[in-house]
Amino acid sequence: MISVCILTRNSSDTIKRALDSLALFDDVVVLDNGSYDNTMEIAEQYSNVRVFQNPFIGFGKLRNIAATYAKHDWIFALDSDEELPKDTVEALLAAKLEKGCVYKVKSHNFIDGKFIRHSGWYPDFKHRIYNRTTTSFDEKQVHEDVIRDGHQVKTFPHPIYHYSYRSISDFLTKMEQYSTLFAYDKDYKKSTFLTAVTHSLGAFFKTYIIKLGFLDGVCGLLIAKYNSDVAFYKYLKLRERKKLLQKSSAIPSKPV
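Anyway, here's the lowdown on the structure attached to this text.

Conventions we followed
- Residues numbered from 1 in each chain as written.
- Predicted model: local features only at pLDDT ≥ 70, side-chain atom pairs only at ≥ 80, totals over all residues.
- Heavy atoms only, no water.
- Helix = DSSP H or I, 4+ residues; strand = E, 2+ residues; numbered from the N terminus.
- Polar contact = N/O pair within 3.5 Å; in protein donor to acceptor, adjacent residues only side chain to side chain.
- Contact = heavy atoms within 4.5 Å.
- 1 Å grid on protein atoms, 1.4 Å probe; cavity = no way out; pocket = protein on both sides within 12 Å on 5 of 7 lines; lining within 4 Å.
- Points joined across faces, edges and corners; volume = space filled by probe spheres on them.
- Nonpolar A, V, L, I, M, F, W, Y, C, P; charged D, E, K, R; others polar.
- Buried < 20%, exposed > 50% of the residue type's maximum accessible area, 1.4 Å probe, protein only.
- Pairing = 2+ DSSP bridges.
- Salt bridge = Lys/Arg side-chain N within 4 Å of Asp/Glu carboxyl O.
- Core = buried A, V, L, I, M, F, W, Y, C linked by side-chain atoms within 4.5 Å.
- Phe/Tyr/Trp six-rings, centres within 6.5 Å; stacked < 30°, edge-to-face > 60°.
- Lys NZ or Arg CZ within 6 Å of the ring centre and 35° of its normal.

Mapping T8 onto the fold places it in strand β1 (residues 2–8). Within the local environment of T8, its side chain forms a polar contact with the side chain of D32, the two groups lying 2.8 Å apart. For T8, the contacting residues outside a window of four places in its chain are I15, V30, L31, D32, N33, S35, T39 and S80.

Quick look at the structure:
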């Protein structure tokens, strides 16, 4: 038996599609971290869904909290802008999962209904199926992943559908969020303005040229520009955070 765990925040545009695809699962956990739209109201309409709330404390920690609410030990971690095709659902419900394994799943990513076949988006494997009694997610603020130490990694042969970036506003919102969280995750690293520039240029070149983003047309250019901007701002924010940490550590403590 598998519990599906989903993190949400203002996911009203996508959560219905995700939950509709999970109708055959007996346990779906939705952990919301601050929605002010009707995400939770939509989720509460499903008889197999239980909705919980927790303030945002980083994606890794939230994934692990969601897993504590699950009825079953096997966890499938899904995002609110993803869905499971019928074949994937049937395969999951019939699967004989091995306790010492973590399973990676291929993600088919779409923008404006177009399946992205390059730009580093395909093949896009994600570790999403695990047993909570033997492992968990790491506690990274962003780009969290299942801890695989001592586990065999196997490939689950059916995909997830991921409908990312429904608008330009989505790009901007995620760029702002992810670049900030990166700075908090990596505040032990050094960064300069030159670091930000070189990483930004490198990200664009890698996405658009090395990973053949130009073959994805306008979408490939958009993805390359997004990756470039995220790299630029996350290293600028890291530089800024390092300065703030240094300044705060230099302030003498008040006498008791």
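On to the layout of surface pockets, then. One water molecule sets the probe size; rolling that probe over the atoms shows where empty space is left. Quantified by volume, the largest pocket comes out at close to 1,800 Å³. Taken together, 48 residues line the largest pocket, and the ones lying closest to its centre are H143, H162, Y165, K174 and Y178. Sorting elements by how many residues they give to the lining of the largest pocket places helix α7 (residues 217–250) first, with six residues. Partitioned by chemical class, the residues of the lining of the largest pocket number 15 nonpolar, 18 polar and 15 charged. Quantified by volume, the second largest pocket comes out at close to 150 Å³. Taken together, M1, I2, L24, F25, D26, W74, L92, L93, A95 and L97 make up the lining of the second largest pocket. Of the residues contributing to the lining of the second largest pocket, the split by class is nine nonpolar, no polar and one charged.

For strand β8 (residues 124–131), the tally of buried residues reaches seven of eight residues, placing the bulk of the element in the interior. As judged from the three bridges shared by strand β4 (residues 74–79) and β8, these two strands associate in the antiparallel manner. Note on β8: the bridge partner recorded for I75 is Y130. Note: strand β6 (residues 101–111) against β8, five bridges, orientation antiparallel. The residue of β8 that forms the bridge with S107 is D124.

Tallied over the full model, the rule gives one cavity of 30 Å³ or more. In terms of lining, the largest cavity is formed by C5, I6, L7, R63, A66, I75, A77, Y130 and F137. Secondary-structure elements contributing two or more residues to the lining of the largest cavity are β1, α3 (59–68) and β4. Residue contributions to the lining of the largest cavity peak at three residues, all from β1. Its residues assigned to classes, the lining of the largest cavity shows eight nonpolar, no polar and one charged.

Counting across every chain of the model gives 13 salt bridges. With its nearest N and O atoms 2.9 Å apart, the salt bridge here joins K16 to D20. With a gap of four residues between them, K16 and D20 both fall in helix α1 (residues 15–20), about one helical turn apart. Looking at K16, the relative accessible area reads 46%, which means it is partly exposed. According to the relative accessible area criterion, D20 is partly exposed, its value standing at 37%. A salt bridge links D79 to R128; its shortest N-O distance comes to 3.4 Å. You can see D79 sitting in strand β4 and its partner R128 sitting in strand β8, a full 49 residues away along the chain. One connected set of salt bridges, linked through shared partners, spans R63, D79, E82, D124, K126, R128 and E144.

In this structure, L19, L22, F25, F76, L84 and I129 are the most contacted members of the largest nonpolar core, which totals 26 residues. At the level of elements, β1, α1, β2 (28–32), α2 (39–43), β4, α4 (86–94), β6 and β9 (152–163) are the ones that each hand at least two residues to this core. Setting aside its immediate chain neighbours within four residues, F25 contacts I2, V4, N48, L84, V89, L92 and L93. The next biggest cluster of nonpolar side chains, apart from the first, holds 17 residues, and it includes V29, L31, A67 and Y130.

On to the packing of aromatic side chains. Both the distance between ring centres and the angle between the ring planes are used here to describe each pair of aromatic rings. Under the definition given, this model contains 13 aromatic pairs. With 3.9 Å between their ring centres and 5° between their planes, F52 and Y69 make a pair best called stacked. Taken as a pair, F52 in strand β3 (residues 49–53) and Y69 in the loop between α3 and β4 lie far apart in primary sequence, 17 residues in all. Note on F56 and F59: the rings are 5.0 Å apart at their centroids and 75° apart in plane angle, and the pair reads as edge-to-face. By relative accessible area, which is 30% here, F56 ends up partly exposed. Exposure remark for F59: the relative accessible area of 15% places this residue in the buried category. Put simply, the rings of F110, F115, Y122, Y161 and Y163 pair up and form one aromatic cluster. The side chain of K104 reaches across the aromatic face of F125, ending 4.8 Å from its centre.

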